[in-house]
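Fold and geometry: a report
Read off the chains here:
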Amino acid sequence: MALNDRLGLSTDSEGLLARVRERFLRSGDFNGLHFQGTDVEPLRAAAIELLQAGLIEITTGEDYPNIHIRPWPSRRPMEDQKEDLLSLGPDDYGVCLYPTPAGMRGVRLPRRLDGRPFARAMARGKGTLELAYFEFDVLEQYRNDSRFMFGFGEFGASMSLSDEASLDPSAPERDHVFLNHIGFAYDLSRYDPEKPDSPILRRVAVFYSDLKTLTPEHQRRWETYQVPDTDLEPHPLWWNGQMGTWPDGVGPFTRIFMELENLNELADLAFDRPLFRSTERPADLGWILRPSQREWDDFVREMDKVLSENLISKFFDAAFVLKTDESGQHLGTLTRLELFMEMHGVDADRAKHAVSPLKEVRAERQAPSHRLRTNITDQTFIHRQIQLVERVYSALGAIRQWLATHPRCSEWREKYPDLKTYML
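Everything numeric here is computed off the predicted structure, so don't read it as measured data. (Residues numbered from 1 in each chain as written. Predicted model: local features only at pLDDT ≥ 70, side-chain atom pairs only at ≥ 80, totals over all residues. Heavy atoms only, no water.)

Section: the layout of surface pockets
The computed volume of the largest pocket comes to approximately 280 Å³. Along the walls of the largest pocket sit 17 residues, with Glu130, Leu131, Ala132, Tyr133 and Asp229 positioned nearest its centre. Breaking the lining of the largest pocket down by element, the ones donating at least two residues are β4 (131-135), β9 (226-227) and β10 (233-234). If you tally residues by element for the lining of the largest pocket, the top one is β4, at three residues. (1 Å grid on protein atoms, 1.4 Å probe; cavity = no way out; pocket = protein on both sides within 12 Å on 5 of 7 lines; lining within 4 Å. Points joined across faces, edges and corners; volume = space filled by probe spheres on them. Helix = DSSP H or I, 4+ residues; strand = E, 2+ residues; numbered from the N terminus.)

Dropping the structure here:
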């Protein structure tokens, strides 16, 4: 039975639908058929017929600046799309026609898409900027494999095979992959900050157009981690950045290192030397990829490195802070920081309170050093990390506010006082 018999289409509509499908599948990037010029008048009615049958949709500049990319299924009513076709003149730039999932039903896909589930999903109608969601530990392979360069932020990540590995002839072709626009997403529908066992579901979000570039082996691997999109939303800062919007805030890890920079500037002004050795964030410091004891221990070790281990002992020497206690025991840098604050007028209880989150990190780091640990899985690790990171950056901010009152810091101003801090 002919297509027009099955769908009740006119001959012109059947021919136009075939052209739309051919352009869509052969373009490589699932582009639409540019409908313009001499096509408009003889095929206007055919395009409207396909639109009303739900077999195509129309993309114009109202949908996306580049009409040759369909970011997502059209969000405009069919009547608006019909008006686009009715008002289209032969001298206009034109519109693009894309097949809908219904318009691709029953179409045999090219063999080149075999074993590529995300490319096949786009061929069946997924938009370029539609998101697929995955369990967070899908990233572990790339973080733990030394052949990959892995970037880790508060709201997203990136991975790619390193240049050295790419040039290695023994590197399997399947591993020549990269993803530069990995985002994080959250399901907070059952989260209660007062209940440490309430679930915070952190997921990975990736555009279908990026996933389709992966090799078949990696596409199939990612597919095994895919989760439904129910109740999931990409982090607003990541999403806005992908859409070209300037951010209005930063994440908690970025805030920590901004505070370290602030404290170094203030220490230089007040005492002619910095307080911390480095204000650069280690590549491995970020959210835990799974709620396990090993992930938690690795996290507190990295956090302690940028806090207690990062403090410069010579700063305290120059400020005449004691090195030992009354019994001759060596004082750690955090204790010396607390004494330093007390020496300069801070009440002992307030100084202790300000430094306590940093000491908490130190204590958590020392725990795995002194006893055997079982690599348990515990969802509360996610809550504990969020709460600890928040206490740390708040503590550094409090110390910064105090140090800024030093007479030699009277002209100092915080660079970005209005930036929000997004915890989730």
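From this point, the narrative continues.
Considerations on the nonpolar core
Core analysis: the largest hydrophobic core is formed by 90 residues, its most contacted members being Leu139, Trp222 and Phe299. If you tally residues by element for this core, the top one is helix α16 (residues 380-403), at 12 residues. When sequence neighbours within four positions are dropped, the list of residues in contact with Leu139 reads Phe150, Ala157, Ile182, Phe184, Val204, Trp222 and Leu289. (Core = buried A, V, L, I, M, F, W, Y, C linked by side-chain atoms within 4.5 Å. Buried < 20%, exposed > 50% of the residue type's maximum accessible area, 1.4 Å probe, protein only. Contact = heavy atoms within 4.5 Å.)

A word on the pairing of strand β5 (residues 148-152)
Burial along β5 is one-sided: the residues Phe148, Phe150 and Phe152 are buried and none of Met149 and Gly151 is. In this structure, β5 lies alongside strand β6 (residues 156-161), joined through five bridges in antiparallel fashion. Bridging from a neighbouring strand, Met149 pairs with Ser160 of β6. Between β5 and β6, which pair antiparallel one after the other, the connecting turn spans three residues. (Pairing = 2+ DSSP bridges.)

Details of the pairing of β4
Counted residue by residue, β4 has four buried out of five residues, so it is predominantly covered. Here β4 pairs with strand β8 (residues 201-207) via five bridges, running antiparallel. Paired with Ala132 across the two strands is Val206, which belongs to β8. Of the strand pairs in this sheet, β4 and β9 are connected by two bridges, and their pairing is antiparallel. Counted as the bridge partner of Phe134 is Gln226 from β9.

Brief notes about unusual backbone geometry
Across the chain, the bulk of peptide bonds are trans and the bulk of non-glycine residues have phi less than zero. Here the phi dihedral of Asp231 falls at roughly 65 degrees; this positive angle occurs in a residue that is not glycine. Tracing the backbone through its elements, the reader meets Asp231 in the loop between β9 and β10. Backbone geometry at Asp272 places phi at a positive 65 degrees, although glycine is not the residue there. The topology assignment puts Asp272 in the loop between α11 (252-271) and α12 (293-306).

Digging into the environment of Gly249
Looking at where Gly249 falls in the secondary structure, it is placed in strand β11 (residues 249-250). When its relative accessible area of 6% is taken as the criterion, Gly249 is described as buried. Expressed as a C-alpha distance, the spacing of Gly249 and Pro407, which sit 158 residues apart in the sequence, is 30 Å. When neighbours within four sequence positions are excluded, Gly249 is seen to be in contact with Leu237, Leu419, Lys420 and Tyr422.

Here's the deal with the sheet that holds strand β1 (residues 33-35)
Strand order in this open sheet of three strands is β1-β3-β2, and the pairing throughout is antiparallel. The open sheet has two edge strands, β1 and β2 (56-59), and neither has a second partner. Geometrically, the sheet is characterised by an average inter-axis angle of 35 degrees between neighbouring strands, direction not taken into account. Judged from the four bridges that link them, β2 and strand β3 (residues 95-99) form a sheet pairing that is antiparallel. Bridge pairing links Thr59 to Cys96 in β3. Those strands touched by helix α2 (residues 11-26) are β1, β2 and β3, and its axis lies near 90 degrees from that of β3. Helix α3 (residues 40-52) rests against β1 and β2 of the sheet, and its axis sits at about 120 degrees to β2. (Axes fitted to C-alpha atoms, helices over the stretch in contact; angles between N-to-C directions.)

A few points about the packing of aromatic side chains
Taken as a whole and assessed by the stated rule, the structure comprises 22 aromatic pairs. Between the aromatic rings of Phe24 and Phe30, the centroid separation amounts to 5.3 Å while the plane-to-plane angle is 50 degrees, which identifies the pairing as tilted. A relative accessible area of 1% places Phe24 in the buried class. Accessibility expressed as a relative area gives 5% for Phe30, which makes it buried. Above the ring of Trp72, the side-chain terminus of Arg75 is found at 3.8 Å from the ring centroid. When the ring centre of Trp296 is taken as reference, the NZ or CZ atom of Arg384 above it lies at 4.5 Å. (Phe/Tyr/Trp six-rings, centres within 6.5 Å; stacked < 30°, edge-to-face > 60°. Lys NZ or Arg CZ within 6 Å of the ring centre and 35° of its normal.)

Points about α11
For α11, spanning 20 residues, the distance from its first C-alpha to its last is 28 Å, which sits close to the expected 28 Å at 1.5 Å a residue. Two residues or fewer after α11 comes Asp272, characterised by a positive phi angle close to 65 degrees. (Expected span 1.5 Å × (residues − 1).)

Regarding the side chain of Glu364
Turning to its location among the elements, Glu364 is positioned in helix α15 (residues 348-366). Assessed through its relative accessible area of 19%, Glu364 is described here as buried. Engagement of the side chain of Glu364 in a polar contact is seen with the side chain of Trp296, the distance being 3.0 Å. Non-local contacts of Glu364, meaning those with residues more than four positions away in its chain, are made with Trp296, Val300 and Arg384. (Polar contact = N/O pair within 3.5 Å; in protein donor to acceptor, adjacent residues only side chain to side chain.)

Observations regarding the side chain of Glu295
Along the chain, Glu295 turns up in helix α12. Among the polar contacts made by the side chain of Glu295, one reaches the side chain of Arg143 at a distance of 2.6 Å. Beyond its immediate stretch of four places on either side in the chain, Glu295 contacts Glu140, Arg143, Ile288, Leu289 and Arg290.

A few points about the packing of α12 against α16
Interaxial distance between α12 and α16 falls to 11 Å at its minimum, and their mutual angle equals 10 degrees. Viewed along their axes, α12 and α16 adopt a mutual orientation that is roughly parallel. Contacts from Gln293, Trp296, Phe299, Val300 and Met303 in α12 reach Phe381, Arg384, Gln385, Leu388 and Val389 in α16. (Parallel < 35°, antiparallel > 145°, perpendicular 65-115°, else oblique.)

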